[in-house]
Structures are given as structure tokens and as C-alpha cells.
Amino acid sequence: MAEKVKFIAQNKKAHFNYSIEEKIECGIELLGTEVKSVKAGSISFADSFAEIRNGEVWVKNFHISEYSYSSIFNHKPDREKKLLLHKDEIKRLVRKVEEKGFTLIPLDFYLKHGIVKMTLGVCKGKKLYDKRADIKERDVQRDMQREFRNR
């Protein structure tokens, strides 16, 4: 049976600004109203990143708006969220991040069997000439697709 995956949001800027070396699926420790807000799609993570502290991985600058239908017992929108990973995966990430230039960037959020998951990317920043090459390649692909449609 195929896995049921429903994408909530994708970080398209991360694919443009970083070269992604590795992708890791991980869970997020969320409160009840945060889960409802994420399922509603009211999240913002354009500037978010992850850091490793005391053997745990935390996501910073990840904004989940307050759930509009909740009572006074709501969550803080900008609190740090803990990522759920195995210890072996965290050790491997520590070794990767200690290398020069690597950082942990959230790539996309999705629901897998009703559970909120996140794809964390081990990324390295692109130089300006790399970005220009990506733009040129995308334009060439678009032109080729346009030619195939016209014929």
C-alpha cells in the first residue's frame, strides 16, 4: 500500500539559495493548537534553520500562527520546536554540520498518515555564479518544453 503524503508547504527559496547534499525525514514536537494550525497551512519558515544543542535538534525562526478557533490556551507562535530524530542520525548530522559551510535547513512540511513530518536538508550555500547557472538551465528547459508543445 502506498504511503499517504499530503504536502503542507515547501521552501522553494532553499532550493535556489542552497545546494542540498542530503535530506532527512524527521518529526516535530508540537502542541495541540500548533498541529491544527500546521494542518490549516498557517506556517512561515522562509528564514528558519536548525541547530544542534545538547544532542537535540531545534528549529529556530519557524513561525506557526495561533489557531483562530482555540481558547485562551494557545501556543507562542515563535517558540523553538524540537525535532524528533534517532541518536545515530543526530551524531551523523553533528559531523556534517561541523564541516565548513554546511547548515540544516527545513525543506518542506507534510502529513504522513496524519502525523506532521518535516524534511530537513543538509545544505551548503550557493555562490552567485551557481544561482545564475540554475536560472540559465531553468530558462533552457522552459524553452525546450515550449518548442515541444508547439510541434
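A. Quick look at the packing of aromatic side chains. Scanning the model with the defined rule gives five aromatic pairs in all. Centre to centre, the rings of F7 and Y110 are 5.6 Å apart; their planes meet at 55°, and the pair counts as tilted. Of this pair, F7 sits in strand β1 (residues 5-10) while Y110 sits in strand β8 (residues 102-112); the two residues are 103 residues apart in sequence, bridging distant segments of the chain. For the ring pair F62 and F109, a centre distance of 4.7 Å and an interplane angle of 10° mean the geometry is stacked.

B. Spatial organisation of the environment of H113. Relative to the elements of secondary structure, H113 occurs in the loop between β8 and β9 (115-125). Of the residues examined, H113 reaches a relative accessible area of 53% and is grouped as exposed. Put simply, H113 and A40 are 73 residues apart on the chain and 16 Å apart in space, counted from C-alpha to C-alpha. Residues in contact with H113, not counting those within four places in the same chain, are E3 and K4.

Definitions and cut-offs
Residues numbered from 1 in each chain as written. Predicted model: local features only at pLDDT ≥ 70, side-chain atom pairs only at ≥ 80, totals over all residues. Heavy atoms only, no water. Phe/Tyr/Trp six-rings, centres within 6.5 Å; stacked < 30°, edge-to-face > 60°. Helix = DSSP H or I, 4+ residues; strand = E, 2+ residues; numbered from the N terminus. Buried < 20%, exposed > 50% of the residue type's maximum accessible area, 1.4 Å probe, protein only. Contact = heavy atoms within 4.5 Å.

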